[in-house]
Amino acid sequence: MTHSGARKVLQRLTRTGLVVATGNGNGKGTRYSFSREGALAREVAHLFKVEQDRGTALTRSLRRTLRSLSDPPQLAWVKDFLAGWPDRHEVGVFHEDGCSPGLLTELEQGLRMVEAEFEIGLEVKDFSGGGVASVDWSKAMVLRGTPPGADKPGMTGGESADNPLSSNGKLNPK
C-alpha cells in the first residue's frame, strides 16, 4: 500500500470512528490508534478477540493430539498459520528416524477430531532429509520441537546459511 493510499484509508476509518488520530509523531506524520469507543469499534474488537481465542484453542488441540501419539515427531508445525483461516492447513511433521506409515495414520486419525471441532481441513505432510530446511519458519506456528537454526543468535529457523540436517538426514545437534 502506498503512503497516500494508507492515509486515505486511515482518514475513512477515522470518519467511521474505528480509528482516532492520537497526535503528531514528532513531526513525522500523524499517529493513529484503534478506538474502542462506539458500538462498531466494540464489535470489531470482539471479532478480533474471538479469532485470537479460536487460534489459541486450535493450537492447544493440535498440541494435545501430537502429545497423544505413541511416538510423537521431534518437530511439528502448521504451515502459514499466521496467514489467516484458509479452508485447509498443512501440518508438517519431522521425525529423526522418518515417520512410519503407522504414525502418520495415527496422527491423521487424531486430527479428524480437530477438523470436526474447528470445521477446517488438516493435511499432514511428512518432511524428511533437507525438506525441513525449506520451511519458512517466520510464517509457521511451531507446535512441537525447535526449528533448525532457532537456537542461533539472531536466527529464526530456515534462515541459517548452513544446513540444519546432517548428511544422513538427521537434525544436527545443538
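The rules behind the values
Residues numbered from 1 in each chain as written. Predicted model: local features only at pLDDT ≥ 70, side-chain atom pairs only at ≥ 80, totals over all residues. Heavy atoms only, no water. Helix = DSSP H or I, 4+ residues; strand = E, 2+ residues; numbered from the N terminus. Buried < 20%, exposed > 50% of the residue type's maximum accessible area, 1.4 Å probe, protein only. Expected span 1.5 Å × (residues − 1). Polar contact = N/O pair within 3.5 Å; in protein donor to acceptor, adjacent residues only side chain to side chain. Contact = heavy atoms within 4.5 Å. Pairing = 2+ DSSP bridges. Axes fitted to C-alpha atoms, helices over the stretch in contact; angles between N-to-C directions. Patch = residues over 30% accessible without salt bridge, like charges linked within 9 Å, V, L, I, M, F, W, Y side chains within 5 Å. Areas by Shrake-Rupley, 256 points an atom, 1.4 Å probe, with all protein chains shown as cover. Salt bridge = Lys/Arg side-chain N within 4 Å of Asp/Glu carboxyl O. Lys, Arg positive; Asp, Glu negative; His and termini not counted. Charge placed at Lys NZ, Arg CZ, Asp CG, Glu CD. pLDDT = per-residue confidence, 0-100. Core = buried A, V, L, I, M, F, W, Y, C linked by side-chain atoms within 4.5 Å. Phe/Tyr/Trp six-rings, centres within 6.5 Å; stacked < 30°, edge-to-face > 60°.

**Thoughts on the overall build of the protein**
Next, step 1: For the protein, the helix and strand inventory stands at three helices and six strands.
Next, step 2: Reading the helices (α) and strands (β) of the protein from amino to carboxyl end gives α-β-β-α-β-β-α-β-β.
Next, step 3: Looking at the protein as a whole, 30% of its 174 residues qualify as buried.

**As for helix α1 (residues 3-16)**
Next, step 1: With 14 residues, α1 ought to run about 20 Å at 1.5 Å a step, and its terminal C-alpha atoms sit 20 Å apart, in line with that.
Next, step 2: Just downstream of α1, G17 is the residue with a positive phi angle, here 90°.

**Quick look at the side chain of T65**
Next, step 1: Here T65 lies in helix α2 (residues 39-67).
Next, step 2: In this structure the side chain of T65 is engaged in a polar contact, spanning 2.9 Å, whose partner is the backbone oxygen of S61.
Next, step 3: Once residues lying within four places of it in the same chain are set aside, the contact partners of T65 are L107, G110, L111 and V114.

**Details of the sheet that holds strand β5 (residues 121-126)**
Next, step 1: Pairing in this open sheet of four strands is mixed, and the strands run β5-β4-β3-β6 from one edge to the other. Looking at which strands have only one partner, the edges of the open sheet turn out to be β5 and β6 (141-144). The sheet shows a mean angle of 25° between the axes of neighbouring strands, taken without regard to direction.
Next, step 2: Bridging between strand β3 (residues 75-78) and β6 involves three bridges; their strand directions are antiparallel. Within β6, the residue paired with W77 across the bridge is V142.
Next, step 3: Across the sheet, α2 is in contact with β3, β5 and β6; its angle to β6 comes to roughly 35°.

**Concerning α2**
Next, step 1: Over its 29 residues, α2 extends 42 Å from the first C-alpha to the last, a length consistent with the 42 Å expected when each residue adds 1.5 Å.
Next, step 2: A41, A45, G55, L58, T59, S61, L62, T65 and L66 are the residues of α2 that are buried.
Next, step 3: Summarising the contacts, the buried residues of α2 are in contact with β2 (30-34), β3, α3 (101-118), β5 and β6.

**Points about a positive patch on the surface**
Next, step 1: Taken together, the side chains of R60, R63, R64, R67 and R144 present a region of like positive charge at the surface.
Next, step 2: No other element matches α2, which puts four residues into the positive patch.
Next, step 3: Tracing the chain through its elements places R63 in helix α2.

**A closer look at the confidence of the model for the protein**
Next, step 1: In the predicted model, the protein carries a mean pLDDT of 78, and 78% of its residues have values of at least 70.
Next, step 2: Predicted confidence for residues 152-174 stays below pLDDT 50, and this span has 39 contacts to residues more than four positions away or in other chains.

**Regarding the nonpolar core**
Next, step 1: Counting residues in each nonpolar core, the largest one holds 20 residues, and the members touching the most others are L58, L62, V93, L107, L111, V114 and L122.
Next, step 2: Within the residue set of this core, elements represented by two or more residues are α2, β3, β4 (88-94), α3 and β5.
Next, step 3: A total of six residues in this core trace back to one element, the largest contributor, which is α3.
Next, step 4: What L62 contacts, discounting residues up to four positions off in sequence, is V78, L111, V114, L122 and L143.

**Let's talk about the packing of aromatic side chains**
Next, step 1: Scanning the model with the defined rule gives two aromatic pairs in all.
Next, step 2: Look at W77 and W137: their rings are 4.9 Å apart centre to centre, the planes differ by 70°, and that puts the pair in the edge-to-face class. Highlighted residues: W77 in strand β3 and W137 in the loop between β5 and β6, separated in sequence by 60 residues.
Next, step 3: On the basis of relative accessible area, W77 is assigned to the buried category, the value being 1%.
Next, step 4: Among the aromatic residues, those joined into a cluster by ring pairs are W77, F127 and W137.

**Some points on the environment of P101**
Next, step 1: With respect to the element layout, P101 can be found in helix α3.
Next, step 2: Sequence separation between P101 and D126 is 25 residues; the distance between their C-alpha atoms is 9.9 Å.

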